[in-house]
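Summary of the model geometry
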Amino acid sequence: MKNEFNLTMLTDFYEITMANGYFEHNMKDRIACFDMFFRKVPDNGGFAIMLGLEQLIEYIKNLKFDQEDIEFLRSKKLFSENFLNYLADFKFTSDVWAIEEGTPIFPHEPIVKVIGPAIEVQFIETMVLLTINHQSLIGTKTNRIVRAAKGRAVMEFGSRRAQGPHGAINGARAAYIAGCAGTACTISDIMYKTPALGTMAHSWIQMFPTEYDAFMAYAKTYPDNCTLLIDTYNVLKSGLPNAIRVFKEYLIPNGHLNGGVRIDSGDITYLSKKVRKELDNAGLENIKIVISNSLDEYIIRDLITQGAEIDSFGVGERLITSKSEPVFGGVYKLASVFENGKEIPKIKLSENVEKITTPCSKKVVRLYSKDNNKAIADVLMLADEKTPGGEDYEIFDPEHTWKRKIVTEYYARDLLVKIFDKGKCVYNSPGIESIKQYCSEQIETLWDEVKRFENPHDYYVDLSPKLWEIKNKLLNEHK
């Protein structure tokens, strides 16, 4: 069986058939530029979050075809021996740029750019899309849920409902960066230092003669981290009274003043209010209330609006699968080719305007207001254009060009960062806590109108005049 950690062959088969075709037609060394971008924010939101870059970097670093791969391809009887020999000695030599993890991103702007020999840049398409699409999807959904919680902790509880092991592990990573306090996925803590959290299942309680016995056993085992699940039988008649009894008889007398109760079913608003009142009446104001049970951003928002007494949330399947919209939709498209050092722009046309691509090797420049550090707009520019330096700068809608605005009192930042230079990794991935902090800071640069759940403000993603002229010329040539 193939070593699962060599993911080179985790690719669409047509990447290999095209690579063989390029090789046979003397095009393997033709230099091409590809962009990854997405067309629509999930859940009709105002922004997405860039994630998954670290895993993409590791994939590219380890990109190689072992003998087992070569023999498999030979068995298909489709590929030339010269091509198979080329793969046996394959080395990645391309340049890669990407927007850093944790950065808010918007439709139609390149979030990964790859320039290099045609075979190389084409071959990595599947993993570019797989890694970035998945984690960006989960991180974007998570951040919606975290923002709905309004400062209350959110824990990722979805491993058992994720789409496979990597969906659980990397999904937990994305969720933590995007704002979760921790995850139930233990291996993610081992691999990525995402804090592993958890208490008990209903089966723990059912294993003991009585609910009280189960609570007491747990309290004695984990006195400093004791959260009791109180809805196995009856929240108000059984679970809560037994929990209060354990807190007052054992935990508090032994100096363990903090703890919690968890409710996993029923009318959460009603139950949480009753539980809070009973806990306070018993002098247990420090005891927290944790809620789980098929939550998402809309349910959480409604619970808080209704005055539910909740200190933290455990969110599972609707987070780890992004159940409401489980596809991110990023694509990887040719932007240009190079002949004798000269760039030749390429464009893909479609009757669906949304699917028309933007040609050329590009950079993404974000403009921020000097007054409040809020993001004003993103501008796609030719890679060799000079980044605006604070002088008055006119932005305009690429489709409705009469919509224009002069931007003043701003500063600019290039978002695409060099990751690989001629196949060598030149980027040090930050630690997960640094990415998490950066993500939080960057989301604060967005206006509240962009962060609305319903009908968010359309953030501007415009083209520089030079880039617009090239795109418009190609559109007219292909009418």
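Right, let's walk through the structure included here. (Residues numbered from 1 in each chain as written. Predicted model: local features only at pLDDT ≥ 70, side-chain atom pairs only at ≥ 80, totals over all residues. Heavy atoms only, no water.)

**Observations concerning the nonpolar core**
- F83 and F313 are the most contacted members of the largest nonpolar core, which totals 133 residues.
- Beyond its immediate chain neighbours, meaning those up to four positions away, F313 contacts A149, R152, A153, V154, M155, I291, L295, I300, L303 and I304.
- By size, the runner-up hydrophobic cluster in this structure holds 10 residues, among which are I376, M381, Y393 and V407. (Core = buried A, V, L, I, M, F, W, Y, C linked by side-chain atoms within 4.5 Å. Buried < 20%, exposed > 50% of the residue type's maximum accessible area, 1.4 Å probe, protein only. Contact = heavy atoms within 4.5 Å.)

**Describing a negative patch on the surface**
- Negative charge collects at one region of the surface, where D371, E391, D392 and E409 lie side by side.
- Examined against the element boundaries, D371 turns out to sit in the loop between β14 (362-369) and β15 (375-382). (Patch = residues over 30% accessible without salt bridge, like charges linked within 9 Å, V, L, I, M, F, W, Y side chains within 5 Å. Areas by Shrake-Rupley, 256 points an atom, 1.4 Å probe, with all protein chains shown as cover. Salt bridge = Lys/Arg side-chain N within 4 Å of Asp/Glu carboxyl O. Lys, Arg positive; Asp, Glu negative; His and termini not counted. Charge placed at Lys NZ, Arg CZ, Asp CG, Glu CD. Helix = DSSP H or I, 4+ residues; strand = E, 2+ residues; numbered from the N terminus.)

**Digging into the packing of helix α11 (residues 235-251) against helix α12 (residues 268-281)**
- The N-to-C vectors of α11 and α12 enclose an angle of 35°; their axes lie 11 Å apart at closest approach. Along this stretch, α11 crosses α12, giving a crossing that reads as right-handed. In this structure, α11 contributes V235, L236, L240 and I244 to the contact, and α12 contributes Y270, L271, K274, V275, E278 and L279.
- Among the residues making up the contact of α11 with α12, the classes are represented as 8 nonpolar, no polar and 2 charged. (Axes fitted to C-alpha atoms, helices over the stretch in contact; angles between N-to-C directions. Left-handed = near helix turned anticlockwise from the far one by under 90°. Nonpolar A, V, L, I, M, F, W, Y, C, P; charged D, E, K, R; others polar.)

**Focus on the packing of aromatic side chains**
- Counted under the stated rule, the structure contains 18 aromatic pairs.
- Look at F79 and F83: their rings are 5.9 Å apart centre to centre, the planes differ by 45°, and that puts the pair in the tilted class. Comparing F79 with F83 shows no difference in burial state: the two are buried.
- An aromatic cluster of at least three residues, connected via ring pairs, comprises F13, F23, F65, F79, F83, Y86, F90 and F123.
- Between the NZ or CZ atom of R173 and the centre of the ring of Y192, over which it lies, the distance is 5.6 Å.
- Its end group placed over the ring of Y250, K220 keeps NZ or CZ at 5.8 Å from the ring centre. (Phe/Tyr/Trp six-rings, centres within 6.5 Å; stacked < 30°, edge-to-face > 60°. Lys NZ or Arg CZ within 6 Å of the ring centre and 35° of its normal.)

**A short note on the sheet that holds strand β18 (residues 410-414)**
- Sheet architecture is open: 4 strands sit in the order β18-β14-β15-β21, paired in mixed fashion. Looking along the sheet, the strands with just one partner apiece sit at the ends: β18 and β21 (460-463). Averaged over all adjacent pairs, the angle separating strand axes in this sheet is 25°, with direction ignored.
- Bridging between β14 and β18 involves 5 bridges; their strand directions are antiparallel. Bridge pairing links V365 to D414 in β18.
- Packed on one face of the sheet, helix α16 (residues 465-477) meets β14, β15 and β21 and runs near 55° to β15. (Pairing = 2+ DSSP bridges.)

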